[in-house]
There are 2 protein chains.
Amino acid sequence: MLESFLDRLQKVKTLGDLDGAILSLSDELNAEHMVYHSVGSGGKEYAVTTYHPIWVDQYLGNDYARIDPVVQACLRRFHPVDWKRLDWSGKATREFLHEAVDAGVGSQGFSIPIRGPSGQFALFSVSSRDSDEHWARYTQDYTRSLILASHYVNQKALEIENGTDQAEIASLSPRETDALTMLALGLSRAQAADSLSISEHTLRVYIESARFKLSAMNTTHAVARAMNQGLLRV
Amino acid sequence: MLESFLDRLQKVKTLGDLDGAILSLSDELNAEHMVYHSVGSGGKEYAVTTYHPIWVDQYLGNDYARIDPVVQACLRRFHPVDWKRLDWSGKATREFLHEAVDAGVGSQGFSIPIRGPSGQFALFSVSSRDSDEHWARYTQDYTRSLILASHYVNQKALEIENGTDQAEIASLSPRETDALTMLALGLSRAQAADSLSISEHTLRVYIESARFKLSAMNTTHAVARAMNQGLLRV
DNA sequence: TCGCCCCTCGCCAGATATGGGGAGTAGATT
DNA sequence: AATCTACTCCCCATATCTGGCGAGGGGCGA
């Protein structure tokens, strides 16, 4: 079903190409609108969409990801979310909804959360103005294709961003990992040292070397980077 | 293609059921072995597999996830990895490989990284003793099915673990989020306050209230929890 | 074998974070 | 209109972290 899209995706080299590919996919899957929205990490937020550029600018410029219930829901779920099952009450949310509808975003929508290495997070959404019954039918029929499409689109987006879908990850020694893990769990240095049965000074050495490897300014920064790189299993 | 498996998955209620479902899937997809391996978060590591229980115990007991190149590679990649493209040099790694082969793990393998909310991380793998050509053919033919299967299996695993695939997430105010974000980026309190154009004291108020909401012991802990819950887009 | 990395320990002074007090504004919800 | 939450500011004393000094043993790869 996705054959022609995946073929086309193979040849994509830039975000511009990806734009075209998504347009053709929305055609192939009978979607009114479709959007790949990369939210994290590194603060580089961008979107590849079939929406009007003005709405995209408005969304990104106002940092709407912070109030968009779709983004918020996707952040805490694994499985796709249907927009109409979300909570759209609250002043800011209602305003956002109005702006979105005015901008041509369909009232029906379906979004798939996608997560990559180093805390990367993105959404892949389809939307339309269909009736409820049509929409229920549509999502049921296309969920699997959309999941696969989102997977491949994200892979391609990562390649374009980084040159590869492989993240650069510092390598910490076991003890360094232990040390940062304890700190991430909330222990003080004294407690952590105790918990690892080493002197507090030794613990400090680990923290410092980990900080160096991670190019971190301080302990909190080191823990944050280590977590972001998936080095800590907390 | 996955129809009967997905139907069966619907009815799964416990990890034991999941075990059976995976067994049937490995049959359906002609896989010699298959394993769903949940690595993070919360330190609750477990595996649902067609391997011999002794190998599973050995693996988990020795914390082999720390040296298993498959896990390490999946941690930093988004797309599936073929085992034979990994670096198997290094003493510990070679020893691990020998033990694995002795335990009946095929030398050919293919693993899909899966990430969920709150830093959840898992792998879905198939392995066999096929020849290289057979294996290349197999992976090519089944990649998409395996990606979908891994998605649904993970969803089910999350449901079993938490009762839902939705993560419990504390809600921080915008300023609290800002404050923790600055700290996660490595700024000191003084710098962070400056960067947000507020007094250092005010910043401290945010950190403290965030710490309270997140039930965190200290700043580092708060940042770690917030990151784990996807509250910070660093 | 040599070099590199990992693990372990101690002391000290200065910088920074934490904990506990109190206080006023504005906006949103009920 | 009352209440609640978010946002903003100040002081002080103490606990904790950070940076820089130095030192030795063990293991693994080139």
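Values in this document were obtained by computation on a predicted structure and should not be read as measured data.

So, how was this worked out
Residues numbered from 1 in each chain as written. Chains lettered and ligands numbered in written order. Predicted model: local features only at pLDDT ≥ 70, side-chain atom pairs only at ≥ 80, totals over all residues. Pairing = 2+ DSSP bridges. Helix = DSSP H or I, 4+ residues; strand = E, 2+ residues; numbered from the N terminus. Contact = placed C-beta atoms within 7 Å. Axes fitted to C-alpha atoms, helices over the stretch in contact; angles between N-to-C directions. Parallel < 35°, antiparallel > 145°, perpendicular 65-115°, else oblique. Nonpolar A, V, L, I, M, F, W, Y, C, P; charged D, E, K, R; others polar. Domains from an automatic or database assignment. Near = placed C-beta within 6 Å. Least-squares fit on C-alpha atoms with pLDDT ≥ 70 in both. Buried ≥ 20, exposed ≤ 12 C-beta atoms within 10 Å, placed from the backbone.

## Thoughts on the sheet that holds strand β2 (residues 46-49) of chain B
All names here are of chain B.
Part 1 of the argument: Here we have five strands laid out as an open sheet, ordered β2-β1-β5-β4-β3, and antiparallel in their pairing. With one partner strand each, in any of the chains shown, β2 and β3 (81-82) form the two edges of the open sheet.
Part 2 of the argument: As defined by bridge partners, strand β4 (residues 108-115) adjoins strand β5 (residues 121-128) across eight bridges and the pair is classed as antiparallel. Each bridged residue has a counterpart across the sheet, and for Ile 112 the counterpart in β5 is Phe 124.
Part 3 of the argument: Across the sheet, helix α2 (residues 15-28) is in contact with β1 (33-40) and β2; its angle to β1 comes to roughly 140 degrees.
Part 4 of the argument: Each of β1, β3, β4 and β5 is contacted by helix α4 (residues 69-76), which is oriented at about 40 degrees to β4, the strand it contacts most.

## Digging into the packing of helix α7 (residues 174-184) of chain A against helix α10 (residues 219-228) of chain A
In a pair of packed helices, the angle between the axes and the distance between the axes together describe the arrangement.
All names here are of chain A.
Part 1 of the argument: Running from amino to carboxyl end, α7 crosses α10 at an angle of 105 degrees, the nearest separation of the two axes being 10 Å. Between α7 and α10, the crossing angle belongs to the class labelled roughly perpendicular. Contacts between α7 and α10 pair Leu 180, Leu 183 and Ala 184 from the former with Thr 219, Ala 222, Val 223, Ala 226 and Met 227 from the latter.
Part 2 of the argument: Grouping the constituent residues of the contact of α7 with α10 by class yields seven nonpolar, one polar and no charged.

## A closer look at the domain arrangement of chain A
Part 1 of the argument: Along its sequence, chain A is carved into domain 1 (3-162) and domain 2 (174-228).
Part 2 of the argument: Distance between the C-alpha centres of domain 1 of chain A and domain 2 of chain A: 38 Å.

## What about the protein's contact with DNA strand C?
Part 1 of the argument: Lining the immediate environment of DNA strand C, one finds 18 residues, of which Ser173(A), Arg175(A), Ile198(A), Ser199(A) and Thr219(B) sit closest.
Part 2 of the argument: At the level of secondary structure, the elements contributing two or more residues to the surface near DNA strand C comprise α7 and α9 (200-213) of chain A together with α8 (189-196) and α9 (200-213) of chain B.
Part 3 of the argument: Here the residues of the surface near DNA strand C are counted per class, giving five nonpolar, eight polar and five charged.

## Points about the relation of the copies chain B and chain A
Part 1 of the argument: For the pair chain B and chain A, the relating rotation is 180 degrees, the translation along its axis is 0.0 Å, and the fit reaches an RMSD of 0.1 Å. Taken together, these values place the two copies in the relation of a two-fold axis. Closest approach to the rotation axis within chain B is made by the C-alpha atom of Thr220(B), at a distance of 2.5 Å.
Part 2 of the argument: Comparing interface residues between copies, 100% of those in chain B also lie at the interface in chain A; the contact surface is shared.

## A few points about the protein's contact with DNA strand D
Part 1 of the argument: The immediate surroundings of DNA strand D are formed by 18 residues, with Arg189(A), Ser173(B), Arg175(B), Ile198(B) and Ser199(B) found nearest.
Part 2 of the argument: Of all the elements in the fold, those that place two or more residues in the surface near DNA strand D are α8 (189-196) and α9 of chain A together with α7 (174-184) and α9 of chain B.
Part 3 of the argument: Across the surface near DNA strand D, the residue classes tally to five nonpolar, eight polar and five charged.

## A look at the interface of chain B and chain A
Part 1 of the argument: Opposite the 44 residues of chain B that make contact, chain A presents 44 residues.
Part 2 of the argument: Mapped onto the side of chain B that touches chain A, the elements with two or more residues apiece are β1, α4, α6 (132-162), α7 and α10 (219-228) of chain B.
Part 3 of the argument: Within the side of chain B that touches chain A, the residues separate by chemical class into 19 nonpolar, 18 polar and seven charged.

## Quick word on the environment of Val126(B)
All names here are of chain B.
Part 1 of the argument: With respect to the secondary-structure elements, Val 126 resides in strand β5.
Part 2 of the argument: Judged by the 28 C-beta atoms lying within 10 Å of it, Val 126 falls in the buried class.
Part 3 of the argument: Along the sequence, Val 126 and Val 48 sit 78 residues apart, while their C-alpha atoms lie 12 Å from each other.
Part 4 of the argument: The contacts of Val 126, once residues within four sequence positions are left out, are Ala 31, His 33, Met 34, Gly 109, Phe 110 and Leu 146.

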